[in-house]
Each structure stands twice: as C-alpha cells, then as structure tokens.
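Listed below are the residues making up each chain.
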Amino acid sequence: MSGSFSKSFQLLRRYPAFGRVFWADAAAQMGHNMLVVAFPTLILEVTHDLSLTGLAFTGEILAYGLLSPWAGWVADRWEQKSLMVTANLLRFILLLTLLWTLAHGYPTWFYLVLSLALGAAAALFSPARAAFLRRLLQGEDLLEAVALEGTSGFLLRLISPAVMGCILLLSDARGGILLDASMYLVSTCLIAPSWVTGPRCEVATPSEEGDWRAGWRLLLASNQLRGLLWADLLISFLGMASWSTAVAYLEQVLQVRAANNGWLQASMGVTGALGTRWVTRLPAGTGLRWGLLGLITLSYLGLAQADSLTKLVLIWSLRGLGVGGLVVLISQQLAREVPPTHMGRVQAAWEQAVLIACFAGTIITPWLLRHGGPLLAFRLYGWAFLAFMLVGLVQARRRR
C-alpha cells in the first residue's frame, strides 16, 4: 500500500461521498479541538474562578463514557447519516444556548448540564461515522482512508488550538464558542446532500447481532484486537498522565514557563501526522507493531532524562511518531476484522475503554506530583511502559 498523499487524496476525488464525509468529520473535529481551548477560557472569563475551569469537560467526559456503548448499538441499527446530522445540530444548538445563557446569570450546575449534553451528542457522532464509512469504501481503499483520517486527526490537533488562540487574541471566548458552533453547522451542510450516501449494510438477525455488549465481545474474542486495545489503553493512560505532569516538569525541573507546553503539543501533532504516513510504507506484520511499541517505550524512558526544553520536545516528538503509526495500525485492523453490522458498537466500546484510561491518567497525576514530584513521575511512566513491553513479548512467545 502506498503511503503517498497523492494516493490518499485520490480517494477524495474517486469517491465524492467519502470526500464529503472526510471534510465533515474534519470540521467536527476542528470544532471539538477548538472547544477544548475556548470552553475553559469562557468559564474563567465569566466566573473569574480558576478552580472551575477543571470542571469544563467533566460532564462531557462522563456522558461520553456512559453513553458510548448505547450510541454504538444505535449506530448499527439506525441510519448513520441521520445520526451524524442529529449529533452536529445538537452541538450547534447547545453552543448557541450556552452563549445566550451567559447574559442571564445561570448557576454553575446549568453549565455542567450543558457539558453533559455536549458529551452525549459527541458519543452519537463517532460510532455513526465509523459505521457509515464502511458503506462508502471497501478493501484497500478503506485501509487507505483510515490512514488518511489518522493523518488528518493529528494535524487538526495541531492546527485547531492555534486557530482558537488567534481568535482569543483578537476577540474573546464568546467569539471562539461561536466559531465552534459554526464548525458543526459546516459539518452538517457537507453531508446533507442526498447523494452523500452508500449501500445500506445488511443488518444481522437479532440472534446474530446481540445487544450493546456485542462490540466488547468481538474485541475481546480477537487476539489481534485485544493486544492492540491493551497497548492503546496504556498509551492513553500514560499519555494523559504525562501531559498533566509536563507542566510541573517544565516549571520545577527545567525552570521554564509552563506555557512552553505548546511546543510539546505542536511536536506531537507534526510527528504524529508523519507517523501515520510513514507506517503505511513499512511491511505490515507483528514486527511492525512491536517496533512502534519499542519506539514509544524509548520515548517514555527518555522523559526523565530530558534536562532541557529542546531535549523534552525531541523526546515528545519521538513518542508522537510511534503513536501516530500505532493509531493507523489500530484503525486498519478494526477495518479488517470488524463486520459492518458491528462497527458502531466496536468503535464505541474502544472509545469507552480509552476514555476510562484517560480519566484514570488525569486522576493519578496529582497524587504522583504531591508525593514524588514530576521527575519521579516521568521515571515511573517509563518503567511502566517497559514492563508492559516485556510482559507482552513473553506472552507473544508463549502463544507461538
């Protein structure tokens, strides 16, 4: 499979419906990534209470995690395009509601409810998009498409916060929220035409289909997917913990401003995107997966050795390269193994597991920083990933 951008973007011309879905997903992702910056800033502007900014996405994370399995079941049973449009319009309306209520002095709990509703809408969009993609593409084209989406995802994580940062400099958080809302409306308009569709996948019989837990059962029954899931869970857990630790490491160990974490985010976005393209040029197989995990292990072991901002950025870039490649391997393995009738539930189950891991990573960080400091925390992350690698290698040898 060619890893060139030309081949990937040919898909957008050869399959116009996929092109619309791709750009609609990019617009929705951009809206969400910008909201990560704008929502906490808006809370700070309105309440002037720094402690409340940490609650900005509590409701959204909780709702997403709890509703993901049910959203996946709905995506496998109902018209996926309608679900995507519904999710986008809900987020558009909720963000406009947020702006309208700011001038009316609503209590804090009301904004937590809005955050819950945003999470519920987001939980509906992702599995529906994953299932809908299987109606548009098959075979090698599908594998190329998920690699292109992986590249887009990393680039958007780099671009979106920068765009929102410019908006906040020129305007305020209200202007940023309005731009977020407009991105969901753009996403809806892109997929609205009736020709943006594909053959309806045959729905399995009730005895074959199972309930909302069928996604979990399929994941756990596959050795390949189960191994990749464990790797993704550890990466998500340590990734969130590392991100939370980085601010303290910059200020307490490197003696530089915490704002320099923007360089870490930028390097992760660039090298993550490169990793998604680089991995498609390498021979597929188990060796590639272990090579990527080894690269990530080296990056975690190197975190505690970084005695300057430049070294920390380089190590962060190395991690981005490995994570970007692994993201594509995971997406392509899901495309190979998961039948279209179960794609929504499998995608939802995966996202739910990753979300729990991310949540656990954010919870453990304050305890580690209080009792050991950022340097010890980074060392523990490296040792943990190395132990995971060794255990995984031992188990892989036993299965041979």
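Everything discussed here concerns the structure shown above.
Description of the structure in this document. The structure presented is a predicted model; accordingly, all values stated were derived computationally and were not measured. (Residues numbered from 1 in each chain as written. Predicted model: local features only at pLDDT ≥ 70, side-chain atom pairs only at ≥ 80, totals over all residues. Heavy atoms only, no water.)

Digging into the overall build of the protein
If you tally the helices and strands in the protein, you get 15 helices and zero strands. Evaluated residue by residue, the protein yields a buried proportion of 53% over its 400 residues. In the protein, the share of contacts with a sequence separation of at least 24, taken over all contacts with a separation of at least 6, comes to 84%. (Helix = DSSP H or I, 4+ residues; strand = E, 2+ residues; numbered from the N terminus. Buried < 20%, exposed > 50% of the residue type's maximum accessible area, 1.4 Å probe, protein only. Contact = heavy atoms within 4.5 Å.)

A look at the packing of helix α9 (residues 214–221) against helix α10 (residues 223–253)
Following both chains from N to C, one finds α9 and α10 inclined at 100 degrees, their axes separated by 5 Å at the closest point. With respect to α10, the element α9 is oriented roughly perpendicular. Mapping the contact onto sequence places W216, L218, L219, L220 and A221 in α9 and N223, L225, R226 and L229 in α10. Split by residue class, the contact of α9 with α10 holds seven nonpolar, one polar and one charged. (Axes fitted to C-alpha atoms, helices over the stretch in contact; angles between N-to-C directions. Parallel < 35°, antiparallel > 145°, perpendicular 65-115°, else oblique. Nonpolar A, V, L, I, M, F, W, Y, C, P; charged D, E, K, R; others polar.)

Notes on the pattern of salt bridges
Within the structure shown, the criterion is met by seven salt bridges. A salt bridge links R135 to E79; its shortest N-O distance comes to 3.1 Å. In this pair, R135 sits in helix α5 (residues 108–136) while E79 sits in the loop between α3 (58–77) and α4 (80–101), placing the two residues 56 residues apart along the sequence. Its relative accessible area of 29% is what places E79 among the partly exposed residues. R129 is the partner of E149 in a salt bridge, and the nearest nitrogen-oxygen pair spans 3.0 Å. With a gap of 20 residues between them, E149 in helix α6 (residues 139–170) and R129 in helix α5 connect regions that are remote in the sequence. It is possible to trace a salt-bridge network through shared partners that takes in D25, R129 and E149. (Salt bridge = Lys/Arg side-chain N within 4 Å of Asp/Glu carboxyl O.)

Details of the side chain of S152
Structurally, the position occupied by S152 is in helix α6. The exposure class assigned to S152 is buried, which follows from its relative accessible area of 11%. Excluding residues within four positions of it along the chain, S152 makes contact with F22 and A26.

Let's talk about the packing of aromatic side chains
Summed over the entire model, instances satisfying the criterion amount to six aromatic pairs. Through pairs of rings, three or more aromatic residues link up here, namely F18, F22 and W23. Directly above the ring of F125 sits R91, whose terminal nitrogen or CZ lies 5.1 Å from the centroid. R319 extends its terminal NZ or CZ atom over the ring of W316, reaching a point 4.5 Å from the ring centre. (Phe/Tyr/Trp six-rings, centres within 6.5 Å; stacked < 30°, edge-to-face > 60°. Lys NZ or Arg CZ within 6 Å of the ring centre and 35° of its normal.)

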